[in-house]
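So you can see what is in the structure, the chains are spelled out below.
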Amino acid sequence: MSLCYEYLGGEGNIMSEIRGKPIQSSWQYGTCCLTGRTYTIGFLRFCKQATLQFCLVKPAMAFVIIFLQYVGHYHDGDWSMNGGYLYVTAIYNMSVSLALYGLFLFYFATRDLLIPFEPVLKFCTIKSVIFLSFWQGVLLAVLEKAKFIDPVIDSSGQPTSAGTVSAGYQNFLICIEMLFAALALRAAFPYEIYANNSQTGTGNPTNSRTVTMQSISSSLKETMNPKDIMTDAIHNFHPQYQQYTQYSSGMIFNLTLHGMCVYFYYCNSCLHYRNII
């Protein structure tokens with residue numbers, strides 16, 4: 001969704017295009033219950049919240065799994081009520097489903113604006129790595145519970161549980177699937193776009209921007225920095241910002257108070273809000 005935001009020029013530009021338009025009722029996109037409503041900043045905020053919650057739930061559940069394994073209450077494929085696998089899987093499934101629903105709603109609202117950028121293939125290649133691998137693991141766990149996957153006896157006579165065998169199948173399948181995912185990513189994100197942008201107007205490759213180890217390390221640090229996720233989480237979950245619209249040129253927000261639209265400007269350098277109207 002962040003990539004689509006960049007494509008469309010940020011939250012402010014998106015709202016200027018869709019604000020006030022009626023939401024079409026469609027069972028395919030799950031908007032049947034939104035009949036008669038229009039696109040507002042609240043709709044866009046929900047799409048961001050539904051997507052961001054997965055970024056918060058996944059690392060939190062990873063720590064929960066580590067703790068449950070430490071105390072002996074988590075085993076892959078153990079669907080018993082006393083184990084943690086059932087509850088972790090249920091929470092993951094709800095989080096993944098909600099994130100996909102938010103993405104579908106966002107695409108449903110902006111699909112006409114996103115046509116030049118062809119986001120569907122990009123979305124499918126990236127999200128399939130995360131979501132389909134998760135559901136594949138759940139399917140293998142169900143097959144293991146249904147006794148379609150049996151324990152294995154190794155050469156030394158030691159038994160390997162069906163849950164471990166199921167996890168091995170999952171890892172093996174992911175290794176194979178990553179080859180096809182890499183080919184799909186190559187098609188979805190062709191390097192020619194970035195190569196052309198790095199050249200000057202003459203198209204002379206010698207004038208293109210050189211890549212240094214410092215730029216690579218800076219890009220890697222920026223990728224690993226969770227600050228953007230935390231900033232997004234604050235702006236999308238904090239009650240104070242629920243009716244604000246964020247603009248890419250600086251940060252300009254609007255808020256409707258008692259029927260009057262009030263605008264604020266947020267300065268990135270001095271971290272200060274001030275009323276501009």
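Details of the structure are given in the entry above.
This one's a predicted model, so the numbers in the text were calculated from it and none came from an experiment.

Visitor: Lay out helix H6 (residues 162-188) with the relevant residues and their values.
Guide: Owing to its 3.6 residues per turn, the α-helix aligns residues three or four sequence positions apart on the same side. If you check H6, its first and last C-alpha atoms are 37 Å apart, about what 27 residues at 1.5 Å a residue would give, namely 39 Å. The largest bend in H6 amounts to roughly 25° and is located at Glu177. The set of residues buried in H6 consists of Ala162, Gly163, Val165, Ser166, Gln170, Ala181 and Ala188. Buried residues along H6 sit in contact with helix H5 (119-145), strand E1 (152-153) and strand E2 (159-160).

Visitor: Describe the nonpolar core, listing the residues and the values that go with them.
Guide: Side chains of a nonpolar character, in soluble globular proteins, are inclined to be buried together. One finds Ile14, Tyr39, Phe43, Leu44 and Phe106 to be the most contacted residues of the largest nonpolar core, which totals 21 residues. The residues touching Phe43, leaving out its near neighbours within four places in the chain, are Ile23, Leu34, Leu105 and Ala109. Membership of the second largest hydrophobic core comes to 16 residues, among which are Val57, Met61, Tyr74 and Phe131.

Visitor: Lay out the packing of aromatic side chains in plain terms, naming residues and giving numbers.
Guide: One pass over the structure, following the stated rule, counts nine aromatic pairs. Taking 5.6 Å as the distance between ring centres and 20° as the angle between the ring planes, the aromatic pair formed by Tyr5 and Phe106 counts as stacked. With Tyr5 in helix H1 (residues 2-8) and Phe106 in helix H4 (residues 85-114), this pair connects stretches of sequence that are 101 residues apart. As far as the burial class goes, Tyr5 and Phe106 line up, both buried. Three or more aromatic residues joined by ring pairs make a cluster, and in this case those are Tyr74, Trp79 and Tyr85. When the ring centre of Phe108 is taken as reference, the NZ or CZ atom of Arg111 above it lies at 4.5 Å. A cation sits over an aromatic face here: Lys122 above Phe189, 5.6 Å from the ring centre.

Visitor: Tell me about helix H2 (residues 11-18), and name the residues and values.
Guide: Of all the positions in H2, only Glu11, Gly12, Ile14, Met15 and Ile18 are classed as buried. Within H2, the buried residues cover an arc of 160° as seen down the axis, which keeps them to one side. Just past H2, the residue Gly20 takes up positive phi, approximately 90°.

Visitor: For the pattern of salt bridges, give the residues involved together with the corresponding values.
Guide: What the rule picks out here adds up to one salt bridge. Close ionic contact of Glu11 with Arg45 constitutes a salt bridge, the shortest N to O distance being 2.8 Å. Here Arg45 lies in helix H3 (residues 41-70) and Glu11 lies in helix H2, a separation of 34 residues in the sequence. When its relative accessible area of 7% is taken as the criterion, Glu11 is described as buried. Among the residues examined, Arg45 registers a relative accessible area of 3% and is labelled buried.

Visitor: Quick rundown of the environment of Met230? Include the residues and the values.
Guide: Structurally, the position occupied by Met230 is in helix H9 (residues 227-237). By relative accessible area, Met230 is classed as partly exposed at 46%. Considered as a pair, Met230 and Leu52 are 178 residues apart in the sequence and their alpha carbons are 9.5 Å apart.

Visitor: Could you give me a rundown of the side chain of Thr31, with the residues and numbers involved?
Guide: Within the secondary structure layout, Thr31 lies in the loop between H2 and H3. Leaving out residues up to four positions away in the same chain, Thr31 has contacts with Ile23, Gln24, Ser25, Ser26, Leu105 and Phe108.

Visitor: Any details on the environment of Gln49? Residues and values, ideally.
Guide: Along the chain, the position of Gln49 falls in helix H3. Taking the C-alpha atoms as reference points, Gln49 and Ala99, separated by 50 residues in sequence, lie 8.4 Å from one another.

Visitor: So what about a nonpolar patch on the surface? Which residues, and what values?
Guide: On the surface, a nonpolar cluster with roughly 720 Å² of combined accessible area is contributed by Tyr169, Phe172, Leu173, Ile176, Leu179, Phe180 and Leu183. Relative to the helices and strands, Leu179 is located in helix H6.

Rules behind the numbers
Counting restarts for each chain, with residues numbered from 1 along the sequence as it is written. With the structure being a predicted model, the display of local features is reserved for residues of pLDDT at least 70 and the display and counting of side-chain atom pairs for 80 or more, all residues being used for whole-chain, interface and lining totals. Each side-chain value is derived from all of the structure's non-hydrogen atoms; neither hydrogens nor water enter the calculation. Only DSSP runs of H or I reaching four residues or more are called helices, and only runs of E reaching two or more are called strands; each is numbered from the N terminus. Working rule for helices: expected span equals 1.5 Å times residues minus one. In this scheme, the bend at a residue equals the angle between the axes fitted to the seven residues that finish there and the seven that begin there. Only protein chains enter the area calculation, which uses a 1.4 Å probe; residues under 20% of their type maximum are buried, those over 50% are exposed, and those in between are partly exposed. Should any heavy atoms of two residues lie within 4.5 Å, those residues are considered in contact. Here, nonpolar core means buried Ala, Val, Leu, Ile, Met, Phe, Trp, Tyr and Cys residues that are tied together by side-chain atoms lying within 4.5 Å of each other. For Phe, Tyr and Trp, rings pair up if their centres lie within 6.5 Å, where Trp contributes its six-membered ring, and each pair is then called stacked (planes under 30 degrees apart), edge-to-face (over 60) or tilted (otherwise). By definition, being over a ring means that NZ of Lys or CZ of Arg is both within 6 Å of the ring centre and within 35 degrees of the ring normal. Directions from the helix axis toward the C-beta atoms define the arc. Salt bridges are identified by distance alone: a Lys or Arg side-chain nitrogen within 4 Å of an Asp or Glu carboxyl oxygen. Within the patch definition used here, like charges are joined within 9 Å and nonpolar side chains (Val, Leu, Ile, Met, Phe, Trp, Tyr) within 5 Å, considering only residues with over 30% relative accessible area and no salt bridge. Each accessible area value is a Shrake-Rupley result obtained with a 1.4 Å probe; residue values ignore everything except the protein chains displayed when judging cover.

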